[in-house]
2 protein chains.
Amino acid sequence: MEIVKYLSKIPLFEGLPEDQLIDLSKITVTLDLGKGQVIFSEGDEGRGFYVVLQGRVKIYKLSPDGKEQTLHIFGSGEPFGEVPVFAGKHFPANAEALEKSKVLFFPRISLIRLIEKNPSLAMNMLAILARRLRQFTVQIEHLSLKEVPGRLAAYLLYLSDRENGSQEVRLDITKGQLASLLGTIPETLSRIFAKMSKQGIIEIMGPNIKILSRTALEELVEYGGGL
Amino acid sequence: MEIVKYLSKIPLFEGLPEDQLIDLSKITVTLDLGKGQVIFSEGDEGRGFYVVLQGRVKIYKLSPDGKEQTLHIFGSGEPFGEVPVFAGKHFPANAEALEKSKVLFFPRISLIRLIEKNPSLAMNMLAILARRLRQFTVQIEHLSLKEVPGRLAAYLLYLSDRENGSQEVRLDITKGQLASLLGTIPETLSRIFAKMSKQGIIEIMGPNIKILSRTALEELVEYGGGL
């Protein structure tokens, strides 16, 4: 019953109906780990994912010359290994307890059986992840809107200058790549393009972009933000 | 076959094996919408979710006095309505085509039947959402690390000043609330707390925080970033 209560507080399961939390609690295994204990190694089959109950877990890779690179440190309530396990893949990195820790283990095969019996568990988990994704998108947009328009403007001017000040430029990378380059996500980048277009700064013509106001772009670069 | 190819490019389904894309394509219905056509209204049962194929869709609410508030505009490749539909809830807002549009409809009941027959479809979709969530978390962290430490430092100094410069302060809001207040997410906030603690600026004692270096906090406020 303790576990059910704990599961209800983990973001991955937040808002699941109690019967589904009870079902989940029945498939979990609690692992007590000593400091430095290995949880999984790179290349291991993803037989199940984990949630930190107490303590801290380090995810790391080893370079060919044995140098350790820490990718992430997870604490209480945070899941790890869930992406490869949901996808049915091998673990792409190593996991080790940084200190004495308690970790919940969710076997993949038991989870699949639960979902088979009760697809609404999967639907509810999809809802939870989709909702968080929406919130994160808003958050990224909020954080990006101050700086990304200026960076995008700089990039468009760079493309134009590269083509001897041409008024029409061609995006030669995908939207996903451009978003990464500018430090945002495709959703927010689309929003910024739409805003610039609405304000008559640019005109989008398929993969080409027509610069309608070079001055507006230069101002965005200089003063940042404010679309 | 056209639809399968299109589905494979939608982030929500990106990386699904072809047989699962074919299964999905069989349950989708393509809707041709005229400009201004209503797709669903607030309070309607969430019988299925949508993905924009062509055109744009506006999500909006009506205030009690009939004033319209646009919440979001979705374009090609973007899903909408999926959160309430996965969760089995009613639509919390209205959706309308902003222009002549084509929209894919995925009936909830057919999706549940597919998952029942093939739980790995659900697992794969969970993997896709979980992976994007991870990427977004990294993105938010990246965007937040420049400004949020300074804001957190300001908040801690404010708490201390409120208690006549006490060296120990008590967080009187949840971590989720504090994250929102500072414009970030709990995961990143935890990371910033851990960094400050590691650098000997603060000591975390349960819900209480001991300020070890007031000067370091003041510098963070003044110069921002740089943890």
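Scroll up for the structure.
Residues numbered from 1 in each chain as written. Chains lettered and ligands numbered in written order. Predicted model: local features only at pLDDT ≥ 70, side-chain atom pairs only at ≥ 80, totals over all residues.

Novice: Any chance you could break down the overall build of chain A for me, citing the residues and the numbers?
Specialist: Counting secondary structure elements, chain A contains nine helices and eleven strands. In terms of overall size, chain A is more extended than a compact globule, its C-alpha atoms giving a radius of gyration of 23 Å where 227 residues would be expected to give roughly 17 Å. Here the C-alpha coordinates of chain A stretch approximately 65 × 45 × 30 Å along the principal axes. Put simply, of all contacts in chain A between residues at least 6 apart along the chain, 69% involve residues at least 24 apart. (Helix = DSSP H or I, 4+ residues; strand = E, 2+ residues; numbered from the N terminus. Rg over C-alpha atoms; globule rule 2.2 N^0.38 Å. Contact = placed C-beta atoms within 7 Å.)

Novice: So, the sheet that holds strand 3 (residues 48-54) of chain B: which residues are in play, and what are the values?
Specialist: All names here are of chain B. What the four strands build is an open sheet, ordered 1-8-3-6; its pairing is antiparallel. Only two strands of the sheet have a single partner each, and these edge strands are strand 1 (29-33) and strand 6 (79-80). Relative to strand 6, strand 3 is paired through two bridges, and the arrangement is antiparallel. Bridge assignment links Val51 to a residue of strand 6, and that residue is Pro79. (Pairing = 2+ DSSP bridges.)

Novice: Break down the interface of chain A and chain B for me, citing the residues and quoting the values.
Specialist: Taken together, the 32 residues of chain A in the interface contact 32 residues of chain B. Going through the elements one at a time, helix 3 (82-87), helix 4 (108-117) and helix 5 (119-144) of chain A are the ones with two or more residues in the side of chain A that touches chain B. The biggest single contributor to the side of chain A that touches chain B is helix 5 of chain A, with 20 residues. By residue class, the composition of the side of chain A that touches chain B is 18 nonpolar, nine polar and five charged. (Nonpolar A, V, L, I, M, F, W, Y, C, P; charged D, E, K, R; others polar.)

Novice: Break down the sheet that holds strand 11 (residues 208-211) of chain B for me, citing the residues and quoting the values.
Specialist: Residues and elements named next belong to chain B. Read across the open sheet, the three strands follow the order 9-11-10; overall the sheet is antiparallel. Across the chains shown, the open sheet's two edge strands, defined by having one partner strand only, are strand 9 (168-170) and strand 10 (202-205). Across the sheet, the mean angle from the axis of one strand to that of its neighbour is 25°, orientation sign disregarded. In this structure, strand 10 lies alongside strand 11, joined through four bridges in antiparallel fashion. Bridging from a neighbouring strand, Ile202 pairs with Ile211 of strand 11. (Axes fitted to C-alpha atoms, helices over the stretch in contact; angles between N-to-C directions.)

Novice: Describe in detail the nonpolar core, supporting the description with residues and values.
Specialist: Ranked by size, the top nonpolar core spans 122 residues in total, and within it A:Val57, A:Leu126, A:Leu129, B:Leu126 and B:Leu129 carry the most contacts. For A:Leu129, the residues in contact, after removing those within four places along its chain, are B:Leu126, B:Leu129, B:Ala130 and B:Leu133. (Core = buried A, V, L, I, M, F, W, Y, C linked by C-beta atoms within 7 Å. Buried ≥ 20, exposed ≤ 12 C-beta atoms within 10 Å, placed from the backbone.)

Novice: Lay out unusual backbone geometry with the relevant residues and their values.
Specialist: All names here are of chain A. Even without a glycine there, the phi angle at Asn164 is positive, about 55°. Assignment of secondary structure puts Asn164 in the loop between helix 6 (148-162) and strand 9 (168-170). The exposed category is assigned to Asn164, around which 6 C-beta atoms lie within 10 Å.

Novice: Describe the environment of B:Ser110, naming the residues involved and giving the relevant values.
Specialist: Assignment of secondary structure puts B:Ser110 in helix 4 (residues 108-117). Along the backbone, B:Ser110 and B:Val138 are 28 residues apart, and their C-alpha atoms lie at a distance of 34 Å.

Novice: Could you give an account of the packing of helix 5 of chain A against helix 8 (residues 186-198) of chain A, with specific residues and numbers?
Specialist: All names here are of chain A. Where helix 5 meets helix 8, the closest approach of the two axes is 9 Å, and the angle between their N-to-C directions is 50°. On the basis of the axis angle, helix 5 is oblique to helix 8. Between helix 5 and helix 8 lies a crossing of right-handed hand. Across the interface between the two elements, Thr137, Ile140, Glu141 and Ser144 from helix 5 touch Glu187, Thr188 and Arg191 from helix 8. Here the residues of the contact of helix 5 with helix 8 sort into one nonpolar, three polar and three charged. (Parallel < 35°, antiparallel > 145°, perpendicular 65-115°, else oblique. Left-handed = near helix turned anticlockwise from the far one by under 90°.)

Novice: Outline the relation of the copies chain A and chain B, listing residues and values.
Specialist: Note on the identical chains: chain A maps onto chain B by a rotation of 180° and an axial translation of 0.1 Å, with an RMSD of 0.1 Å. As the rotation angle and translation indicate, the two copies are arranged about a two-fold axis. When C-alpha positions in chain A are compared against the rotation axis, the closest is assigned to A:Glu116, at 2.5 Å. Mapped onto chain B, 100% of the interface residues of chain A again fall at the interface, so both copies present the same surface. (Least-squares fit on C-alpha atoms with pLDDT ≥ 70 in both.)

Novice: So, the environment of A:Arg56: which residues are in play, and what are the values?
Specialist: Residue and element names in this part refer to chain A. For Arg56, the location among the structural elements is in the loop between strand 3 (48-54) and strand 4 (57-62). In this structure Arg56 comes out as partly exposed when scored by C-beta crowding, with 17 C-beta atoms within 10 Å. For the pair Arg56 and Gly75, spaced 19 residues apart in the sequence, the C-alpha separation amounts to 4.7 Å. Not counting residues up to four positions away in its chain, the partners in contact with Arg56 are Ile73, Phe74, Gly75, Leu98, Glu99 and Ser101.

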